[in-house]
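Notes for the structure review
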Amino acid sequence: MTTTRFAPSPTGRLHVGNIRTALHNWMLARKAGGTFLLRIDDTDAQRSREEYVDAIRADLEWLGIAPDREERQSHRLEAYEAAFDKLREAGRIYPAYETQQELELKRKIQLGRGLPPIYDRGALELTEEQRAAKEAEGIQPHWRFKLDHGEQIQWDDGVRGSQKFDPATLSDPVIRRADGSWLYMLPSTVDDVDMGVTQVLRGEDHVSNTAVQIQMFTAMGAKPPAFAHEALLVGKEGKLSKRLGSLGCDAFRERGIEPEAIIALLARLGTSQPVEPIANREKLLETFDLSTFGRAPAKFDDAELDRVNTAIVHAMPYAAVKDRLPEGIDESGWHAVQPNVATIGEVGEWWRLVTGPIEQPEFSDEDRTYLAQAAQSLEWGDDPWAALTGALKEATGRKGKALFLPLRQALTGMNHGPDMGELLPLIGESEARSRLERAAG
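Read on for an overview of the structure.

How each quantity is defined
Residues numbered from 1 in each chain as written. Predicted model: local features only at pLDDT ≥ 70, side-chain atom pairs only at ≥ 80, totals over all residues. Heavy atoms only, no water. 1 Å grid on protein atoms, 1.4 Å probe; cavity = no way out; pocket = protein on both sides within 12 Å on 5 of 7 lines; lining within 4 Å. Points joined across faces, edges and corners; volume = space filled by probe spheres on them. Helix = DSSP H or I, 4+ residues; strand = E, 2+ residues; numbered from the N terminus. Nonpolar A, V, L, I, M, F, W, Y, C, P; charged D, E, K, R; others polar. Phe/Tyr/Trp six-rings, centres within 6.5 Å; stacked < 30°, edge-to-face > 60°. Lys NZ or Arg CZ within 6 Å of the ring centre and 35° of its normal. Buried < 20%, exposed > 50% of the residue type's maximum accessible area, 1.4 Å probe, protein only. Contact = heavy atoms within 4.5 Å. Core = buried A, V, L, I, M, F, W, Y, C linked by side-chain atoms within 4.5 Å. Pairing = 2+ DSSP bridges. Axes fitted to C-alpha atoms, helices over the stretch in contact; angles between N-to-C directions.

So, on to the layout of surface pockets. Over the atoms a probe the size of a water molecule is rolled, and this reveals where empty space is left. Within this model, the largest pocket holds a volume of roughly 950 Å³. Along the walls of the largest pocket sit 40 residues, with A7, P8, N18, D205 and H206 positioned nearest its centre. Those elements that provide at least two residues to the lining of the largest pocket are β1 (3-6), α1 (16-31) and β9 (199-203). Considering every element that reaches the lining of the largest pocket, the biggest residue donor is α1, with six residues. Residue classes in the lining of the largest pocket are distributed as 15 nonpolar, 15 polar and ten charged. Estimated volume of the second largest pocket: approximately 240 Å³. L170, S171, P173, V174, L183, Y184, M185, S208, N209 and V212 together form the lining of the second largest pocket. The greatest single-element share of the lining of the second largest pocket, amounting to three residues, is contributed by helix α7 (residues 207-219). For the lining of the second largest pocket, the per-class residue count stands at seven nonpolar, three polar and no charged.

This is the structure we're talking about:
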């Protein structure tokens, strides 16, 4: 069975890039009838916060992409210790004693010689006596995974196609710090094995990590999952934007963006399929296919999100929004104001045209006479607006803007807005006549 995972570190809030990764993994699992796993990568005890764990859960729930189950790395330290011991016994993990300053100096020397700045495996040349001497000095080692330089690392990537890496061009990755804490590589690999992860879909910045982890899977006697690496998000200006790192669910909620708009945009962003205001997730799932993902950076544009959001709001049925509308708005009220709002939060401003108070503009003497006639001509029936404008057109000869605009201004205080045929019945006969009379002076 297909099992995917989303593995955020709880060191901050989810941002739009994280959300896209979570969504695509959720879609990959759902389309295959599989399992979507949330794995909290909280091995960094100093930076991880429980409040961020709660926020991640809440954001995923708000977006409607809640996981089938949750795992936490902080509960699995024994599993990582066991894997570490086995790999060390097999000669695939070794201690290294260089400081950060020493490693940086080595990199500068290699770059100066025109060589790739990879680790030179100097720690492997130390004798047991030299290692013991360093530890006697109080220097605790960090630990590296020893890559096998024997053959190329290769896999068929779900987005990038055939991938090949020469392991000799990669540094042996540090998997454990001197204080015993874990870095990303080994715990992630152990988890993917133990949790039965079959497909890993993540950003293209992880491609070299995948090359390393494939050797880790092999060293542990496990079959690697299928890997796919999607293009990263960039801003509309065409370069990586720090702003995308702060754009999360709180920011979207403050702007009145609907979860379905975020889903509709991110589901297809970076693919060959058009971004459309599709609120039906089943339709999005039907068309979800890694073969449509492109290699070019995926451009996130706020204006495009706003466009999608507005279209989705305009299509939302009353039943979906009734609990979020101002008191007193029934289905006819929602239908009247819906075409004029870009977010549900704007409904109250338009509903004020019904409930009042409104501010009317100054009218000319001619228009005040016309509005006094309108107050006298107002008759209530099935379609009071059509009846009123029809009677006034016949009595005054006015048409177009001269016929309609003073009436709208007197009744709503605005030059534009909801269809008056729908709005006038909501205002009511008594209030409408009162507004017309007040405008007439």
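That covers the picture; the talk isn't over yet.
Now for the packing of aromatic side chains. Applying the stated criterion across every chain, the model contains seven aromatic pairs. Among the aromatic residues, those joined into a ring-pair cluster are Y80, F84, W143 and W182. Above the ring of W182, the side-chain terminus of R176 is found at 3.9 Å from the ring centroid. The aromatic ring of W62 is capped on one face by R253, whose charged end is 4.7 Å from the ring centroid.

Helix α9 (residues 259-268) sits mainly inside the fold: nine of its ten residues count as buried. Along α9, the residues classified as buried are P259, A261, I262, I263, A264, L265, L266, A267 and R268. On its buried side, α9 packs onto α1, α2 (50-63), α8 (249-254), α10 (281-287), β12 (298-300) and α11 (302-315). Once α9 finishes, G270 follows within two positions and takes phi at roughly 90°, a positive value.

Looking at the element boundaries, N25 is found in helix α1. Setting aside residues up to four positions removed in sequence, N25 forms contacts with T4, R5, F36, Q199 and L201.

Next up on the list: the side chain of N209. By the secondary structure assignment, N209 is in helix α7. Among the residues examined, N209 registers a relative accessible area of 18% and is labelled buried.

Here the focus is the nonpolar core. Counting residues in each nonpolar core, the largest one holds 83 residues, and the members touching the most others are F252, F300, W334, L371 and L407. Sort the elements by how many residues they give to this core and α1 lands first, with eight residues. Residue contacts for L371: discarding those within four places in its chain leaves F363, P406, L407, A410, L436, A439 and A440.

Right, let's get into the sheet that holds strand β2 (residues 35-40). Strands pair in a sheet through their backbones, by hydrogen bonds, and they do so in one of two ways: parallel or antiparallel. Overall, parallel pairing links the three strands, which are arranged β1-β2-β3 in an open sheet. The strands lining the two open edges of the sheet, one partner per strand, are β1 and β3 (69-72). Each neighbouring strand pair of the sheet contributes to a mean axis angle of 30°, computed without reference to strand direction. Examined bridge by bridge, β2 and β3 share four bridges and lie parallel to one another. Of the residues in β3, the one forming a bridge with L37 is R69. Sheet strands in contact with α1 are β1 and β2, and its direction is about 165° off that of β1.

Now for the environment of I65. Summarising the element assignment, I65 is placed in the loop between α2 and β3. For the pair formed by I65 and I19, sequence separation is 46 residues and the distance between their alpha carbons is 9.5 Å. Setting aside residues no more than four positions away along its own chain, I65 makes contact with A22, L23, W26, F36, L60, I263 and R281.

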